[in-house]
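In case you want the letters, here they are:
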Amino acid sequence: MRHVIALDVGGTGMKAALVGASGELLHRARRATGREHGPDAVVEAVLGFAAELRAYGERHLGEPAAAAGVAVPGIVDAERGLAVYAANLGWSDVPLRELLGDRLHGAPVALGHDVRTGGLAEGRIGAGRGTDRFLFVALGTGIAGAIGIDGTVEAGAHGFAGEIGHIVVRPGGTPCPCGQHGCLERYASAAAVSQAWAQASGDPRADAASCAQAVESGDERAVRVWRQAVDVLADGLVTALTLLDPRTLIIGGGLAEAGETLFTPLRAAMERRVTFQKLPALVPAALGDTAGCLGAGLLAWDLLSTHDSPEVTA
């Protein structure tokens, strides 16, 4: 049975699937990255996992994978197939496409940025299915985005398109590791909300999820923390929609798990800020933590055919 390898590499773990020509998920697996053993060990873990998946397909599906799609974090040069830099994995300038191609006996390999790859899946087969223009924003440890146009995701001239987390929304504000001050992700990411709520509550174990629960129970301290994050997020998103004019705005990541505790005030805050702009449909992501893997499968099939790419279902 003809199939491809879909591999999503995270900071601590990897998710993978073998995806059939009609989009069916034929096999799923997970592995640790082994990042505690250093960047070389992470690269070998990725290559070894891909080889295992190829062998599984050969044994159980009658042939090896026709191609592979791989989503990785950090800075990615998809055109050259380089994993340029990832702080949480410790690697830099890894020729991952070439290494994987060798390990997979010459099978073609597509390399993609994790958020853009997840955004591709959300836009094509998830919450943005059927829309021609979308913006996918992941509110996690940081904030990143994917700009979708007619079923594809725009990487930009240098691979940095969609880095909405580094829009400066509070000039001169909190320092950001990127070198700027007042970046969106320093105020409105899940990590930022966790930090603010831990400080406000006096509980060092407090996180964004417990903040959302406290908001729902009417805790005034939590409401203040949450409102500040929502207001800053609305500022950043209105800037983005002014530039991009998406038809659908898809919000995912850990903070989006708060559901309407986030979406109701966020819609209201954005409505207060727009003037001539058209508000897009604001929807939660649909694919959860499978988006990166599903998107990697789409990348692999897109390599094999530029027309009639299959629709992958979760």
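Nothing here was measured: the structure is a model prediction, and the numbers come from that model.

Rules of the game
Residues numbered from 1 in each chain as written. Predicted model: local features only at pLDDT ≥ 70, side-chain atom pairs only at ≥ 80, totals over all residues. Heavy atoms only, no water. Patch = residues over 30% accessible without salt bridge, like charges linked within 9 Å, V, L, I, M, F, W, Y side chains within 5 Å. Areas by Shrake-Rupley, 256 points an atom, 1.4 Å probe, with all protein chains shown as cover. Salt bridge = Lys/Arg side-chain N within 4 Å of Asp/Glu carboxyl O. Helix = DSSP H or I, 4+ residues; strand = E, 2+ residues; numbered from the N terminus. Buried < 20%, exposed > 50% of the residue type's maximum accessible area, 1.4 Å probe, protein only. Pairing = 2+ DSSP bridges. Axes fitted to C-alpha atoms, helices over the stretch in contact; angles between N-to-C directions. Core = buried A, V, L, I, M, F, W, Y, C linked by side-chain atoms within 4.5 Å. Contact = heavy atoms within 4.5 Å. 1 Å grid on protein atoms, 1.4 Å probe; cavity = no way out; pocket = protein on both sides within 12 Å on 5 of 7 lines; lining within 4 Å. Points joined across faces, edges and corners; volume = space filled by probe spheres on them. Nonpolar A, V, L, I, M, F, W, Y, C, P; charged D, E, K, R; others polar. Right-handed = clockwise from strand over helix to strand, strands pointing away. Polar contact = N/O pair within 3.5 Å; in protein donor to acceptor, adjacent residues only side chain to side chain. Expected span 1.5 Å × (residues − 1).

Peer 1: Help me out: how do you make sense of a nonpolar patch on the surface in this one?
Peer 2: A contiguous nonpolar patch, built from Ile75, Tyr85 and Phe160 and spanning about 290 Å² of accessible area, is present on the exposed surface. With respect to the helices and strands, the residue Ile75 is situated in strand E5 (residues 75-77). Since its relative accessible area comes to 33%, Ile75 is described here as partly exposed.

Peer 1: Honestly, the sheet that holds strand E6 (residues 82-86) in this entry has me stumped. Any pointers?
Peer 2: Remark on secondary structure: sheet strands pair via backbone hydrogen bonds, oriented parallel or antiparallel. Strand order in the open sheet formed by three strands is E5-E6-E7, and the pairing between neighbours is antiparallel. Strands at the two margins of the open sheet, each flanked by one partner only, are E5 and strand E7 (91-94). Strand-to-strand twist across the sheet, computed as the mean angle between neighbouring axes with direction ignored, equals 15°. Pairing of E5 with E6, which is carried by three bridges, proceeds in the antiparallel orientation. Across the sheet, residue Asp77 finds its bridge partner in E6, namely Leu82.

Peer 1: Mind showing me how you'd approach the nonpolar core here?
Peer 2: Side chains that are nonpolar tend, in soluble globular proteins, to be buried together. Judged by nonpolar contacts, the single largest core of 45 residues is most densely connected at Val137, Trp226, Leu237, Ile251, Leu262 and Met270. Elements that contribute at least two residues to this core include exactly strand E9 (133-139), strand E10 (143-149), helix H4 (185-188), helix H5 (190-201), helix H6 (208-216), helix H7 (220-244), strand E12 (248-252) and helix H8 (260-273). Top element by residues in this core is H7. It accounts for 12 residues. Setting aside its immediate chain neighbours within four residues, Ile251 contacts Val137, Leu139, Leu237, Ala256, Leu262, Phe263, Leu282, Val283, Pro284 and Ala285. Counting 31 residues, the second largest nonpolar core, distinct from the first, contains Leu18, Val43, Val76 and Leu111.

Peer 1: What is the right way to read the layout of surface pockets from this model?
Peer 2: Over the atoms, a rolling probe the size of a water molecule traces out where space has been left empty. Looking at the second largest pocket, its volume works out to about 640 Å³. Taken together, 27 residues make up the lining of the second largest pocket; nearest its centre are Ala78, Leu111, Val153, Ala155 and Leu299. The element best represented in the lining of the second largest pocket is strand E8 (residues 109-113), accounting for five residues. Across the lining of the second largest pocket, the residue classes break down as 11 nonpolar, eight polar and eight charged.

Peer 1: It is not clear to me how the pairing of E12 should be interpreted in this structure. Could you clarify?
Peer 2: Look at any regular strand and the pattern is simple: side chains alternate between the two faces of the sheet. Most of E12 sits out of view: five of its five residues are buried. Going residue by residue along E12, you find Thr248, Ile250 and Gly252 tucked away on one face and Leu249 and Ile251 tucked away on the opposite face as well. Pairing analysis gives five bridges linking E9 to E12, with the strands arranged parallel. What sits directly across from Ala138, in E12, is Gly252. Between the parallel elements E12 and strand E13 (residues 281-284), the chain passes through H8 in a crossover that is right-handed.

Peer 1: Explain the sheet that holds E12 to me, please; I cannot follow it from the model alone.
Peer 2: A sheet is described by the order of its strands in space; here five strands give the open sequence E11-E10-E9-E12-E13, paired in mixed fashion. Of all the strands in the sheet, the pair left with one neighbour each is strand E11 (152-154) and E13. Direction aside, the axes of adjacent strands within the sheet are offset by 30° on average. Across three bridges, E10 lies against E11 in antiparallel orientation. Paired with Ile147 across the two strands is Glu154, which belongs to E11. Strands in contact with H7 are E9, E10 and E12; relative to E9, the strand with the most contacts, it is inclined by about 155°. Each of E9, E12 and E13 is contacted by H8, which is oriented at about 160° to E13, the strand it contacts most.

Peer 1: Would you mind showing me how to read the pattern of salt bridges here?
Peer 2: Pairs can form between side chains of opposite charge whenever their charged atoms are close. Under the criterion given, the structure shown has 16 salt bridges. Taken together, the shared-partner salt bridges connect Arg170, Asp231, Asp235, Arg272 and Arg273 into one network.

Peer 1: Can you help me understand unusual backbone geometry in this one?
Peer 2: As a rule of thumb, non-glycine residues mostly have phi less than zero, and peptide bonds are mostly trans rather than cis. At Asp93, a residue that is not glycine, the phi angle is positive and equals roughly 50°. Among the structural elements, Asp93 can be located in strand E7. Notably, His105 is not glycine yet its phi reads approximately 60°, a positive angle.

Peer 1: Help me out: how do you make sense of the side chain of Thr131 in this one?
Peer 2: Topologically, Thr131 is positioned in the loop between helix H3 (114-125) and E9. Judged by relative accessible area, which is 15%, Thr131 ranks as buried. Within polar-contact distance, the side chain of Thr131 engages the backbone oxygen of Arg133 at 3.4 Å. A polar contact is formed between the side chain of Thr131 and the side chain of Thr248, at a distance of 3.4 Å.

Peer 1: Hey, could you run me through H5 in this one?
Peer 2: Because an α-helix packs 3.6 residues into every turn, residues spaced three or four apart end up facing the same way. Here H5 contains 12 residues, and its C-alpha end-to-end distance of 16 Å stays within 8% of the 16 Å for a straight helix at 1.5 Å per residue. Here H5 has its buried residues at Ala190, Ala192, Val193, Ser194, Trp197 and Ala198. Residues of H5 that are buried in the fold lie against E9, H4, H6 and H7. A positive backbone phi angle near 75° is found at Gly202, which sits one or two residues after H5.

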